[in-house]
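# A structural walkthrough
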Amino acid sequence: MKKIVVLGATGMAGHMISSYFKTLLQKYEVYDICHTVKLEEKSILLDIHDLDSLKKIIAGLKPDIIINSIGILNKNAEDDPSNTIFINSYFPRYLEEQFKNTNIRLIQISTDCVFSGDKGNYDEAFVPDGKDLYAKTKILGEINNNKDLTVRTSIIGPELKHNGTGLFHWFMKQNDTAIGYSKVIWSGVTTLQLGKCLDLMIENNLNGLYNLTSKVPISKYELLKLLNSVFDKSILIKSSEQIENDKSLISTREDFSVDLPDYKEMLSELRDWMVENRQLYSQYFFNTCGGNLYV
């Protein structure tokens, strides 16, 4: 049974990765490392700026794989540039260097935001051209070697914190109307689908850099319409062409591929997961004891 450490296990990606991997009961032994709030009783609390303590924890756990889902998001990157550089750039490089002569594999979660969005259809060979601090720090944090793996993607899914900043969280808190950008193109996955794909990547010992992306991109306007339908919301979705951006990815890797469900199926699976795990997502439900009535 492989041992996996999930760093950032209460974040939008991290909690889903950890929770999903724990459902694969006889496959993985999962350890959560969280910053200030535990995902569950056995979770380990750690400020990852304390690198010496992290080294001791990893030495004690002896994991096969470390999944790093820690990151400063684009909305917060400029608030503390030095910390953004440490978390997004230095820390993944530190992990790569620290464990390069060991059997521990690092999986780094990156983002489509390493690209400017001026072109679209970015493959693994395209040189990232993002211009803001967030993009530049995430570019520097991408790991590309023969042992470790960087998964470059974009995600949508629920959050544990009540002041979440992601698109899903924002939409689920809307009551009347919402603006969807018809010329902003997206090709990412749900956080649940990310967990499923990471399992396949581990099985196939994938390394280097891989763009995890839907073969059929969608506009943010159409994405909101699907969310509205799948989650039984009654929001008026208004289309806007005010912003134009295309960060869609493609993968040209020939050694690995996944057949992703379409967006309606991905979102429906996410909805069902949330209903089954409603104790994690009570903020999104009117009634957490029964039914699927969403805020």
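Above this note sits the structure.
Residues numbered from 1 in each chain as written. Predicted model: local features only at pLDDT ≥ 70, side-chain atom pairs only at ≥ 80, totals over all residues. Heavy atoms only, no water.

## What to know about the nonpolar core
Formed by 56 residues in total, the largest nonpolar core has its most connected members in Phe21, Leu198, Met201 and Leu212. Setting aside anything within four residues of it in sequence, one finds methionine 201 in contact with Leu149, Val151, Leu206, Tyr210, Leu212 and Phe256. Residues Ile48, Leu54, Ile66 and Ile70 belong to the second largest nonpolar core, which totals 21 residues. (Core = buried A, V, L, I, M, F, W, Y, C linked by side-chain atoms within 4.5 Å. Buried < 20%, exposed > 50% of the residue type's maximum accessible area, 1.4 Å probe, protein only. Contact = heavy atoms within 4.5 Å.)

## Considering the packing of helix H3 (residues 81-98) against helix H4 (residues 133-140)
Packing of H3 against H4 leaves a shortest axis separation of 7 Å and a crossing angle of 20°. Our classification of the angle between H3 and H4 gives roughly parallel. As for how H3 packs across H4, the hand of that crossing is right-handed. The segment H3 lies against H4, with Pro81, Thr84, Ile85, Asn88, Ser89 and Arg93 engaging Leu133, Tyr134, Lys136, Thr137, Lys138 and Leu140. (Axes fitted to C-alpha atoms, helices over the stretch in contact; angles between N-to-C directions. Helix = DSSP H or I, 4+ residues; strand = E, 2+ residues; numbered from the N terminus. Parallel < 35°, antiparallel > 145°, perpendicular 65-115°, else oblique. Left-handed = near helix turned anticlockwise from the far one by under 90°.)

## Details of the pairing of strand S1 (residues 2-7)
Taken together, the 6 bridges between S1 and strand S2 (residues 28-34) define a ladder with parallel strand orientation. Each residue of the ladder has a partner; that of valine 6, found in S2, is aspartate 32. Across 4 bridges, the pairing between S1 and strand S4 (residues 65-68) is parallel. Considered in S4, the bridge of isoleucine 4 is made with isoleucine 65. (Pairing = 2+ DSSP bridges.)

## Digging into helix H8 (residues 263-276)
Between its first and last C-alpha atoms H8 spans 20 Å; for 14 residues at 1.5 Å apiece the expected length is 20 Å, and the two agree. Those residues of H8 lying buried are Tyr263, Met266, Leu267, Ser268, Leu270, Trp273 and Met274. Capping of H8 at its N-terminal end is provided by aspartate 262; its side-chain oxygen lies 3.2 Å from the backbone amide nitrogen of lysine 264. (Expected span 1.5 Å × (residues − 1). Polar contact = N/O pair within 3.5 Å; in protein donor to acceptor, adjacent residues only side chain to side chain.)

## Some words on the pattern of salt bridges
Pairs can form between side chains of opposite charge once their charged atoms are near each other. Inspection of the entire model under this criterion finds 14 salt bridges. Residue lysine 147 is joined to aspartate 148 by a salt bridge in which the shortest nitrogen-to-oxygen separation is 3.3 Å. Because the salt bridges share partners, they merge into one network encompassing Lys22, Asp32 and Glu40. (Salt bridge = Lys/Arg side-chain N within 4 Å of Asp/Glu carboxyl O.)

## Some points on the packing of aromatic side chains
Summed over all chains, the structure comprises 13 aromatic pairs. Both rings, one in tyrosine 20 and one in phenylalanine 21, keep their centres 6.2 Å apart while their planes meet at 70°; by these two values the pair is edge-to-face. Centre to centre, the rings of tyrosine 20 and tryptophan 273 are 6.4 Å apart; their planes meet at 55°, and the pair counts as tilted. In this pair, tyrosine 20 sits in helix H1 (residues 12-23) while tryptophan 273 sits in helix H8, placing the two residues 253 residues apart along the sequence. Exposure remark for tryptophan 273: the relative accessible area of 9% places this residue in the buried category. An aromatic cluster of three or more residues is present, and its members are Tyr20, Phe21, Tyr28 and Trp273. The ring of phenylalanine 285 carries the charged tip of arginine 278 above its face, separated from the ring centre by 5.9 Å. (Phe/Tyr/Trp six-rings, centres within 6.5 Å; stacked < 30°, edge-to-face > 60°. Lys NZ or Arg CZ within 6 Å of the ring centre and 35° of its normal.)

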